[in-house]
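Coordinate analysis (summary)
Okay, here's what each chain looks like letter by letter:
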Amino acid sequence: MPTADRETVTGLPPGIAAAREELTPMLSQYADLCAAHEDALVLFQVGDFYEAFCEAAEAVARVCEVTLTERSDSTGDYPMAGVPIDNAAPYLESLLDAGYRVALGDQVEDAEQASGLVDRAVTEVITPGTVVEDELLEAGTTNYVAAVAAGGGGEGSSGGGSAAPADAVGLAAVDVSTGECLVTSGDRDAVAEELDRIAPAELIAGPDAPDFEPADAERGWTTHAYDPGAFERRAAVERLEPYLPAPDRRFDGNAELRAAGAVLAYAEYTQGDDGPLSYVTRVRRYDPRDRLRLDAAAQRSLELFENRGLGASDTLFDALDETSCALGRRCLERWLRRPLVDADAVRSRHDAVGELADRTLVREGLSDALAAAYDLERLVGRISRERADARDLRSLHATLAVVPELKATLAGADGEAGAADGAGGPKTDGDADLPRTDHLRDLRDRLDELTEVRDLIDDAIAANPPPEITEGGVICEGFDDDLDDLRATEHEGREWVADLEASERERTGIDSLSVGHNQVHGYYIEVTDANLDRVPDDYRRRQTLKNSERYYTPELKEREEEIVGAAERADALEYELFVDVRERVAGETERIQGLADAIAELDALRSLASVAVEGDYVRPEIRDESDAAGIEIEGGRHPVVERAEESFVPNDADLPRGSIAVITGPNMSGKSTYMRSVALAVVLAQTGSFVPAQAASLPVFDRLFTRVGASDDIAGGQSTFMREMSELTEILHDAGPDSLVLLDEVGRGTATTDGRAIARAAAEFIHDELGATALFATHYHDLTDLAAERERAFNLHFTATREDGDVTFLHRVVPGASSSSYGVEVAELAGVPAPVVERSRDLVAAETDDAEASDAGTTDTETDGADPATDSVGDGDDADASLREFLAEEEGTKGKAETERAENTSAAADSDPATNGTSAADGDTQTDRSADPQPDLTAALRDLDLARMTPIEALNALHDLQSRVDDDG
C-alpha cells in the first residue's frame with residue numbers, strides 16, 4: 001500500500017476525528033489510543049475481536065480480506081472491521097507485509113468486574129523488527145530492529161574507550177524476541193556493510209544520521225524516523241542505566257551510545273512502555289574487524305544464505321544445517337555471518353568438531369537429546385515480559401530435563417567411555433577425561449542444570465496444563481495447602497450435587513426428576529409439569545419452562561454458593577500462584593540465557609561434525625599470521641554443488657600469499673565454481689567447520705571480496721556494468737594484504753578495448769598496490785601476460801577436449817593459459833539454432849584470417865623498412881585496439897628499431913638505389929623516419945591516463961594524435 005494511503009489510517013482516522021466531540025465513551029477511548037499512536041494502525045479489543053473503525057476499518061477489510069460492517073449508535077454510523085483475537089496472527093502478518101505497524105489496544109480490566117467502561121490500553125506495538133509472537137517468527141532465526149545515529153547529540157564525551165572519529169556512525173540492533181543487543185560503529189561504508197550483514201527487519205534513524213539503503217532490496221529493511229529525543233545523549237544514558245552499569249563508559253563514542261539508547265527506547269515502546277526489558281541482559285559492543293568481513297556482494301555471490309537460481313534452497317547454510325533445535329540453528333547462522341579471524345579460536349572450534357566427528361555415539365546421543373530442547377531464548381523472553389503461559393513453563397522444564405543427559409553424553413556415559421572411534425564399550429557413569437578437548441569441557445561446565453528451577457516447575461505446574469492461566473487446572477495438587485482446601489471444598493460440593501439427583505428421586509418418587517446447572521441460574525432441580533403435584537414443600541421455584549419447572553432447595557443454594565465460591569477463589573489463587581512461579585523463574589533469566597548459549601553452541605558444533613562425517617570433509621590446518629604461505633588445498637570441492645551433482649571433479653589450489661591467479665578456459669568449464677570453492681573453504685574453516693577436500697592448509701583472512709556474476713540495479717540508476725564497477729571500486733579501496741579477492745570477468749559489460757584495459761589495470765593494482773591474494777577469471781586472454789610481467793602472478797586454465805567437432809569440458813584446472821574460450825561450442829550446447837551457430841563459426845574464421853593477414857602485412861612492411869607504429873596511427877587501423885597495447889608494442893620494438901635504423905642508414909649510403917629496388921627519395925624517407933621517431937608524439941602517448949579515460953575521450957585523443965602525425969608529415 002502506498003505511504004499516502006497509510007497516512008489516512010494510522011493514528012486517528014479522519015472519520016473518527018470529525019465526530020470526536022460526539023463519540024460514545026467506547027469510541028472516545030478508541031480515539032484516544034489512536035491519537036497516542038500516530039504511526040500505527042490501532043486494533044481495539046471489543047469482546048473476542050480486534051476492531052478498527054472508519055478509514056482504518058476499510059484498510060483492515062481490504063488487506064486482511066474480511067467483511068466491512070458498520071457500527072451504529074446515537075451519534076452516527078461508523079464502518080467497522082475486525083479479526084478474531086484467538087486467530088489474529090495471520091491477519092497481523094498481512095498488515096505487517098502491507099507496511100503497517102499495528103498497536104493492540106487490549107482490555108486490561110476484567111469485564112465482569114469493571115464498573116462502567118472496560119479499561120483498555122495499548123499493550124504492544126507490532127512492527128516488522130519487534131515481533132515476538134512465535135506465529136509471526138520463523139523458528140531458529142534472528143529478527144533485529146536497528147538504530148543508527150551520528151556522533152553529536154548532546155553535551156559531554158563518551159567517557160571510556162578510544163575516541164571515535166567525529167564522522168563515526170553508531171549502529172545498535174536488538175532482537176526483541178531473544179534479548180540479544182549488539183552495538184558497534186564506524187564510517188558510513190562500514191556501517192552500511194554491517195547493516196547488510198545483520199539484515200534487520202526495521203531501521204530507525206536518528207535526526208542527523210546518514211541514509212542507508214539495503215544492498216538487496218528484496219530482503220531489505222523498512223526505514224522510518226523515531227522520536228529525536230530518544231537519540232539525545234542524556235536520554236540515552238538514562239535509558240541504558242538499567243541494562244548495564246556506567247553506560248557512558250562502555251561504548252566508543254557518542255554515536256554508539258545514542259544508537260543503543262534509542263533502539264532500546266523503541267523496543268520498550270513496542271512492548272507497551274512498561275519499563276526496561278529485564279531479559280535484555282546481553283548488551284554487547286563489538287568491532288566488525290574482529291570477524292571475517294563479508295559484505296552483501298560476497299554473501300550474495302557465494303550464496304551463503306540465498307540462492308536465486310533454480311535450486312533456491314541450495315545454499316551453504318543449508319549444506320551445514322543439521323542442527324537439532326532452534327537455538328543451534330540461530331547460532332550456526334550467526335557463526336556463518338561472522339566467521340572468526342583469531343587463529344586460536346578457529347583451532348579451538350576445530351578441536352571440538354574433530355572430537356564430535358570421532359565419537360559417533362556421542363554425536364548421535366547429543367542429536368537425540370537436543371531435539372527435545374525448546375527455544376530457551378524466546379521462552380525466557382516471554383517469561384520476563386509476563387506473557388508466558390503454563391505450557392511455556394513446561395517447555396522450559398522439558399528443556400532443563402535434557403541438560404543432565406547432555407552432560408552425561410559428553411562425559412562418555414553413553415557406552416563409549418573414552419573409545420575414540422565410538423565403537424562402544426561397557427556402560428559407565430562417564431569418564432573424567434572426557435570430553436578430550438578444552439572447548440567441549442568448557443561447554444559441559446556451562447551446561448547449568450538449574451535444578452531448583454526445574455524442581456519448582458515440576459512441583460508447581462501441571463504436566464498438561466490448559467492454554468488459559470485464569471481458569472484453573474494450572475497448579476499441581478500438593479503445591480499449596482490453601483488451594484488444596486478450596487479444591488476439596490469444590491470437589492465435595494460437586495459430589496454432593498451429583499448424588500442429589502438420586503436421593504431426590506427416591507424422596508419424591510419422581511423418576512424423571514433431574515439436577516442440572518447453567519451459567520445464568522446456577523444449580524436447579526427440574527420437574528416436568530405432569531409431576532408438579534408431587535413437588536415437596538421445601539422446593540423454591542427458580543424458572544418456568546414450557547413443559548417443566550425448575551426449583552432449588554435451601555441446602556442446594558448453600559452448596560452452590562460453596563462450590564462457586566470455592567471455584568472462583570481457587571481460580572484466583574491459582575493465577576496468583578502461577579504469576580509468583582513465573583516471576584521466580586524470570587529471576588533466573590541470566591542463568592537461563594547462559595544455558596541457552598551453551599546448548600546453541602553445542603548443537604552448532606555437533607551439526608558441523610555431522611556434516612564433516614557425512615560429506616567426507618577434512619580438518620584444515622590453520623596457519624599463524626607469521627607464516628608467509630598461502631592457500632593450499634588438495635582435492636577441493638564445492639560444498640553445495642557436489643550435493644546436487646552425481647559426480648564432482650575435485651581440484652587443487654596453491655595460492656601463495658599476495659599472489660594473483662589468472663584463470664582462463666571455456667565457458668561452463670568450472671572457473672566460477674572453482675573460485676567459489678576456494679572462497680567457501682576459507683569461510684568454512686574460519687567458521688569452525690571442516691572443509692570438503694582431501695587436505696587443506698589455510699591462512700586466516702580478514703576480508704573476503706567477490707565480483708562475481710552479472711546483476712543490475714535499474715531502480716537505483718545502475719546498469720550491470722555500473723554495478724560491476726561499483727563493486728570493483730569497493731574492492732580496490734578496501735582490500736589489503738590479508739584479504740582474499742575473487743574477480744570474475746571484470747570489464748565484460750563495456751567495449752572490448754575499455755573492458756580489457758580496466759581488467760588489466762585492476763589486476764596490476766591488486767598485485768602491485770594491495771598485495772591481496774586474488775583469483776581472477778577472465779576471457780581476455782592477453783591478461784595471461786601478467787604471469788611474465790609480475791612476480792606473484794601465474795596462470796591457471798580449465799581443460800577441454802575437441803573431437804569430431806564436439807567439445808568435452810573436463811572441469812580440471814591445470815597450470816598455464818587456455819588456448820580458446822569455446823564460446824560458439826557453448827552456444828551450440830545451449831540450444832542456439834544451427835544457422836546462428838554456423839554463421840558464428842564463419843565469422844570467427846573470417847576474423848581469424850583477417851588477423852593473420854594483418855600480422856603478415858605488418859611483417860612485410862617492417863621488412864620493407866616502414867615503421868609499423870607510425871603506419872598504424874596514420875592509417876587509423878588501430879581504432880579497435882587498446883592504446884595500452886600500442887604503447888607496449890612501441891616500447892617492445894624500440895631497441896630493435898634503433899639497431900635497424902643504424903643498419904638501414906649505412907646500407908642506404910653505400911648501396912645503389914636501383915640495385916636495392918627503391919628510389920633515392922624513398923630511401924631518404926626511410927632514413928628520415930628512422931632518424932626522427934617523433935619523440936614528442938611518443939611522449940604524448942605515454943602521458944595518456946588510459947585507466948581514467950572514457951571511450952569517447954580515448955577516441956578524441958587518438959584523433960588528435962593522428963592529426964599531429966598528418967601535420968608533421
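Keep in mind the model is a prediction, meaning the values are calculated, not measured.

Assigned secondary structure in the protein consists of 34 helices and 27 strands. The proportion of buried residues among the 969 residues of the protein is 49%. Across the protein, contacts joining residues at least 24 apart in sequence account for 68% of those joining residues at least 6 apart. If you sum the accessible surface of the protein, you get close to 44,400 Å²; carbon and sulfur atoms cover 46% of it.

What follows is about the side chain of Arg606. Counting through the fold element by element, Arg606 comes out in helix α20 (residues 589–615). Taking relative accessible area as the criterion, Arg606 reaches 2% and is therefore assigned buried. Engagement of the side chain of Arg606 in a polar contact is seen with the backbone oxygen of Glu322, the distance being 2.3 Å. Aside from chain neighbours lying at most four places away, what touches Arg606 is Glu322, Thr323, Ser324, Leu356, Arg363, Leu366, Ser367 and Leu370.

Here we take up the sheet that holds strand β17 (residues 548–552). With respect to topology, 4 strands assemble into an open sheet ordered β14-β15-β17-β16, the strand pairing being antiparallel. The sheet is open, and its two edges are formed by β14 (514–518) and β16 (540–544), each paired on a single side. For this sheet the average axis-to-axis angle between neighbouring strands, irrespective of direction, equals 40°. Bridge count for β16 against β17 is 4 bridges, and the pairing is antiparallel. Following the sheet pairing, Arg540 is matched in β17 by Tyr552. With respect to the sheet, helix α19 (residues 554–586) is in contact with β15 (522–528), β16 and β17, its orientation differing from that of β15 by roughly 145°.

All right, on to a negative patch on the surface then. Where like charges cluster on the molecular surface, the negative patch consists of Glu109, Asp110, Glu112, Asp119 and Glu568. Within the secondary structure, Glu109 sits in the loop between β5 (102–107) and β6 (120–126).

Let us look at the sheet that holds strand β18 (residues 621–622). Overall, mixed pairing links the 4 strands, which are arranged β18-β22-β19-β20 in an open sheet. This sheet does not close on itself; its edge strands, each paired only once, are β18 and β20 (651–655). As paired elements, β18 and strand β22 (residues 695–698) share 2 bridges and run parallel to each other. By the bridge assignment for β22, Ile622 is matched with Leu698. Across the sheet, helix α22 (residues 671–687) lies against β18, β19 (631–636), β20 and β22, angled at about 70° from β20, the strand it touches most.

Looking now at the pairing of β22. The sheet contact formed by β19 and β22 spans 3 bridges and is antiparallel. Residue pairing across strands places Glu634 opposite Ala695, the latter belonging to β22.

At Glu65, a residue that is not glycine, the phi angle is positive and equals roughly 55°. Along the polypeptide, Glu65 turns up in the loop between α4 (55–64) and β3 (69–73). The class for Glu65 is exposed, based on a relative accessible area of 72%. With phi around 55°, Asp273 is a residue other than glycine that occupies positive phi space. Mapped onto the fold, Asp273 is located in the loop between α8 (254–270) and β12 (282–285).

Moving on, we get to α20. If you check α20, its first and last C-alpha atoms are 38 Å apart, about what 27 residues at 1.5 Å a residue would give, namely 39 Å. Where burial is concerned, most of α20 is hidden: 20 out of the 27 residues are buried. Two residues or fewer past α20, Asp616 is found with a positive phi of approximately 60°.

Another aspect to go through is the packing of aromatic side chains. Tallying each qualifying case throughout the model produces 8 aromatic pairs. Relative to Tyr266, the ring of Tyr226 has its centre 5.1 Å away and its plane inclined at 80°; by these criteria the two rings are edge-to-face. Separated by 40 residues along the polypeptide, Tyr226 in the loop between β11 (222–225) and α7 (233–240) and Tyr266 in helix α8 bring together distant segments of the chain. Judged by relative accessible area, which is 17%, Tyr226 ranks as buried. By relative accessible area, which is 0% here, Tyr266 ends up buried. Ring plane angle 70° and centroid distance 5.6 Å describe the contact between Tyr674 and Phe798, whose orientation is recorded as edge-to-face. Linking Tyr674 in helix α22 with Phe798 in strand β26 (residues 793–803), this pair joins segments that are 124 residues apart in sequence. Classification of Tyr674 as buried rests on a relative accessible area of 5%. Aromatic ring contacts, followed pair by pair, group Tyr30, Phe44 and Phe53 into a single cluster.

Our focus in this paragraph is the nonpolar core. In terms of nonpolar packing, the biggest core is built from 110 residues, with Leu396 and Ile461 touching the most fellow members. Counting residues per element, this core draws most heavily on α20, which supplies 13 residues. With residues near it in sequence (within four places) discarded, Leu396 still touches Leu376, Leu379, Ile383, Val453, Ile457, Val585 and Ile592.

The next thing to look at is the side chain of Arg378. Its place among the elements puts Arg378 in helix α14 (residues 376–384). According to the relative accessible area criterion, Arg378 is buried, its value standing at 5%. Setting aside anything within four residues of it in sequence, one finds Arg378 in contact with Asp134, Leu137, Glu138, Ala139, Gly140, Thr141, Ser177, Thr178 and Arg330.

Where helix α11 (residues 326–337) meets α20, the axes come as close as 7 Å, and the angle between the chain directions of the two elements is 70°. Taken as axis vectors, α11 and α20 run roughly perpendicular relative to one another. Contacts from Leu327, Gly328, Arg329, Cys331, Leu332 and Trp335 of α11 reach α20 at Ala596, Ile599, Ala600, Glu601, Asp603, Ala604, Leu605, Ser607 and Leu608. Residues of the contact of α11 with α20, tallied by class, amount to 10 nonpolar, 2 polar and 3 charged.

Further remarks concern the environment of Ala57. For Ala57, the position within the fold is in helix α4. On the basis of relative accessible area, Ala57 is assigned to the buried category, the value being 0%. Distance from Ala57 to Ala81, taken between C-alpha atoms, is 4.8 Å for residues 24 residues apart in sequence. With residues near it in sequence (within four places) discarded, Ala57 still touches Ala52, Leu68, Pro79, Met80 and Ala81.

Buried residues of helix α16 (residues 438–446): His439, Leu440, Leu443 and Arg444, and no others. Angular distribution of buried residues about the axis of α16 spans 135°; they occupy a single face of the element. Turned more than 90 degrees off the buried face of α16, the exposed positions are Asp438 and Asp445. Buried residues along α16 sit in contact with α12 (343–358), α15 (390–410) and α20.

Rules of the game
Residues numbered from 1 in each chain as written. Predicted model: local features only at pLDDT ≥ 70, side-chain atom pairs only at ≥ 80, totals over all residues. Heavy atoms only, no water. Helix = DSSP H or I, 4+ residues; strand = E, 2+ residues; numbered from the N terminus. Buried < 20%, exposed > 50% of the residue type's maximum accessible area, 1.4 Å probe, protein only. Contact = heavy atoms within 4.5 Å. Areas by Shrake-Rupley, 256 points an atom, 1.4 Å probe, with all protein chains shown as cover. Polar contact = N/O pair within 3.5 Å; in protein donor to acceptor, adjacent residues only side chain to side chain. Pairing = 2+ DSSP bridges. Axes fitted to C-alpha atoms, helices over the stretch in contact; angles between N-to-C directions. Patch = residues over 30% accessible without salt bridge, like charges linked within 9 Å, V, L, I, M, F, W, Y side chains within 5 Å. Salt bridge = Lys/Arg side-chain N within 4 Å of Asp/Glu carboxyl O. Lys, Arg positive; Asp, Glu negative; His and termini not counted. Charge placed at Lys NZ, Arg CZ, Asp CG, Glu CD. Expected span 1.5 Å × (residues − 1). Phe/Tyr/Trp six-rings, centres within 6.5 Å; stacked < 30°, edge-to-face > 60°. Core = buried A, V, L, I, M, F, W, Y, C linked by side-chain atoms within 4.5 Å. Parallel < 35°, antiparallel > 145°, perpendicular 65-115°, else oblique. Nonpolar A, V, L, I, M, F, W, Y, C, P; charged D, E, K, R; others polar. Arc of directions from axis to C-beta.

None of this, on its own, says anything about what the molecule does.
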